[in-house]
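Below are the chains, spelled out letter by letter.
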Amino acid sequence: MELPCCSCSCSSSVPGRSSLSPSPATTTTRRRSSARVACRTRASRLAVISKAATVELDGAAGSRAIRRSAGGGGALELAKSSAAMEQLDIERGVCVPFRKYTPEMVRNKVLESRGAIWSLVMRGVEIVWNLGFYWSTLMYDCFVGRDEEVVPFRAMQLRNLLCDLGPSFIKAGQVLANRPDIIREDYMNELCILQDDVPSFPNQVAFNIIEEELGRPLEAVFSKISSQTIAAASLGQVYRATLRDTGEEVAIKVQRPDIEPIIYRDLFLFRTLASFLNGISLQKLGCNAELIVDEFGEKLLEELDYTLEARNIEDFLENFKDDPTVKIPCVYKQLSGSRVLVMEWIDGLRCTNPQAIKDAGIDVNGFLTVGVSAALRQLLEFGLFHGDPHPGNIFAMRDGRIAYVDFGNVAVLSQQNKQILIDAVVHAVNEDYVEMANDFTRLGFLASGTNVAPIIPALEAIWQNSSGKGLSDFNFRSVTGKFNQLVYQYPIRIPERFSLVIRSLLTQEGICFTLQPDFKFLEVAYPYVAKRLLTDPNPALRERLIQVLFKDGIFQWKRLENLIVLAKENVAKMSSNPALRAKDMQSSRDWQVERKLNLKDTIKDGARLVLVDEGIRRQLLLALTEDSKLHIQELVDVYRLVEDQIDVPSIALEVVRDLPTVARDLMLSWSESILSDR
């Protein structure tokens, strides 16, 4: 039974991120005024760097820092690490005004403690000895010619070694499980076990940490708490409890004891070791090994602060507040801190148990449709998505909704990144593989200035082989397998946020196949993308829609018809979903559910564009008179597809209201053409 959340924080707090190009649809990029000032300052600085010195970033940043300081080698090191962080910001297009991680911060934190040097030496010897011994066994396998036959054993040996080396290495193993650019696929599969199978720490230690954070005895806050952990992860573990004051059931997430100094020490050592691997990394991945460590360290320290996770939960609550098919737990901020997080308990069914879901009477196909749509909204609409949606973090509610838990690992995509992803989809539809390869550079997969010519044939082979099978046989795992081989052969680095995107899509596709083996992921994904392209008023998406509808200057009537059919299918599936018929929803909120495809704004914008843009007007006239005949039937076919979705009198009234604006735009366009002719 799902419990009410009357006393928990369900919205309105301040999130911890901001975008250089904020999306109109995203409501979670909110900040205090001081943060906004810091973000603007950093944004302008990054804009200058991006425009004037992107390729020579390290040298430019280094010279700036050296001019500011006479610290010699220390200043140079500071400049290099600062440049690495700035490069990450430029790639992501996201401003981070208050960092949890910088190499200097980690260095200072480690060296300020007593006995730091001795601790570093001992830990460094332990790491080098264990990893060196493991590496020597791999070299011996190669020397005797048995390297391939012992791969399963060596992969398991690596997983056990990472567990023995502690939480930093467990987390590193979890990251490597999604990095085909760094590690082989058979090793990746073994390291995936680290995402579910992590030993817990003693209950009494966890309870002491909870009491320290609360400042009160457990009995004063909770009337009951589970005697066993519900789940254990690399950085913490979860208990189930009941609040004494309200009787509400909650989940308590507790951080592992004394983990922060261990993480800082290991990150310092990681970066020191990475500095010796820069040459290999530049050759294989096109970037410094230190940059990869910085990505890892930044994400790890964010996960270590549970106050940031509380903000993530609030952001997700805000994003899905008008979506009746998605359940996000509320967070009890007054009971939470940097090491303890108290959330609403989610009483749902795990996605690892298909039979229980079916026995509960849940419409499996409807539930999966909800899940895929929620994932796509996170990725392409909000730009804030759950980075670890494995089966233990996703639940099926008994009314058909999907519920998410564990928001420590989330990733942010800037408006620019989202637009480039949509560009990549458009280029795939148009089979423009040169631009697809350029999209890789724009997203940070390839270093700026890299020759993409060798990659183009490989991309074409991967996409044509996969898309040629049609929707019925297409799956992300087969495409990703081929892509993994590509990134292992070429100097391609997968940025951290996109490794999370890939893992998220693969994991959710895997859940779909577990619950319904014949489920077609793209049969839900394509209609969603079609609906976004046809209905989203974002000017960038309007531009992408035009790119899809015109190929080589020729209007694609069939594509327009397919887009409309797919978009109508999306609306029909979502509006008829069983999750929308839950009794408690109809009474609790006034949900806005789309029953028809809303093309009003699209038709208005299209009409304005035809009147104002001479190039579009000429292309449409050519499309209507192609092959020396009038293509009236195509227009009739399109109208028949949308006639039941639009209210012609209402649209006509809107067009009349917009006539002054259209007339102004028309006059401006005409004036510009006259001036350009002169």
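Everything numeric here is computed off the predicted structure, so don't read it as measured data.

**Some points on the sheet that holds strand β12 (residues 402-404)**
Okay, step 1: Strands sit in the order β7-β12-β11-β9 across an open sheet of four strands; the sheet is mixed. Both edges of this open sheet fall to β7 (326-327) and β9 (349-350), since each of them pairs with a single strand only.
Okay, step 2: Bridge count between β7 and β12: two bridges; the pairing is parallel. Within the sheet, the bridge partner assigned to V326 lies in β12 and is I402.

**Remarks on the packing of aromatic side chains**
Okay, step 1: Under the definition given, this model contains nine aromatic pairs.
Okay, step 2: Measuring from centroid to centroid gives 4.9 Å for F169 and F270, while their planes differ by 85°, and the two rings are edge-to-face. Of the two residues, F169 sits in helix α7 (residues 167-176) while F270 sits in helix α11 (residues 259-274), which places them 101 residues apart along the sequence.
Okay, step 3: Both rings, one in F445 and one in F498, keep their centres 5.4 Å apart while their planes meet at 35°; by these two values the pair is tilted. With a gap of 53 residues between them, F445 in the loop between α18 (433-442) and α19 (455-467) and F498 in helix α21 (residues 496-515) connect regions that are remote in the sequence.
Okay, step 4: Cluster of aromatic residues (ring-pair linked, three or more members): F169, F270 and F296.
Okay, step 5: The ring centre of Y264 lies 5.5 Å from the NZ or CZ of K109, which sits over that ring.

**Structural notes on the pattern of salt bridges**
Okay, step 1: Per the stated rule, a full pass over the model turns up 27 salt bridges.
Okay, step 2: The shortest N-O distance in the salt bridge between R265 and D266 comes to 3.8 Å. There is no split in this pair, since R265 and D266 are both buried.
Okay, step 3: In this structure, D439 and R442 form a salt bridge, with 3.0 Å as the shortest nitrogen-oxygen distance. Taken together, the positions of D439 and R442, both in helix α18 and three residues apart, correspond to about one turn of that helix.
Okay, step 4: Taken together, the salt bridges that share partners define one network made up of R123, E126, R265 and D266.

**A look at the pairing of strand β5 (residues 236-243)**
Okay, step 1: Counting buried residues in β5 gives seven out of eight residues, a clear majority hidden from the surface.
Okay, step 2: As defined by bridge partners, strand β3 (residues 222-225) adjoins β5 across three bridges and the pair is classed as antiparallel. Bridge assignment links I225 to a residue of β5, and that residue is A241.
Okay, step 3: Pairing geometry for strand β4 (residues 231-232) and β5, over two bridges, is antiparallel. Residue pairing in the sheet places A232 in a bridge with Q237 of β5.
Okay, step 4: Hairpin remark: β4 followed by β5, antiparallel, with three residues in the connecting loop.
Okay, step 5: Hairpin connection, β5 to strand β6 (residues 249-255): the antiparallel pair is bridged by five residues, and G247 has positive phi, about 80°.

Basis of the calculations
- Residues numbered from 1 in each chain as written.
- Predicted model: local features only at pLDDT ≥ 70, side-chain atom pairs only at ≥ 80, totals over all residues.
- Heavy atoms only, no water.
- Pairing = 2+ DSSP bridges.
- Helix = DSSP H or I, 4+ residues; strand = E, 2+ residues; numbered from the N terminus.
- Phe/Tyr/Trp six-rings, centres within 6.5 Å; stacked < 30°, edge-to-face > 60°.
- Lys NZ or Arg CZ within 6 Å of the ring centre and 35° of its normal.
- Salt bridge = Lys/Arg side-chain N within 4 Å of Asp/Glu carboxyl O.
- Buried < 20%, exposed > 50% of the residue type's maximum accessible area, 1.4 Å probe, protein only.

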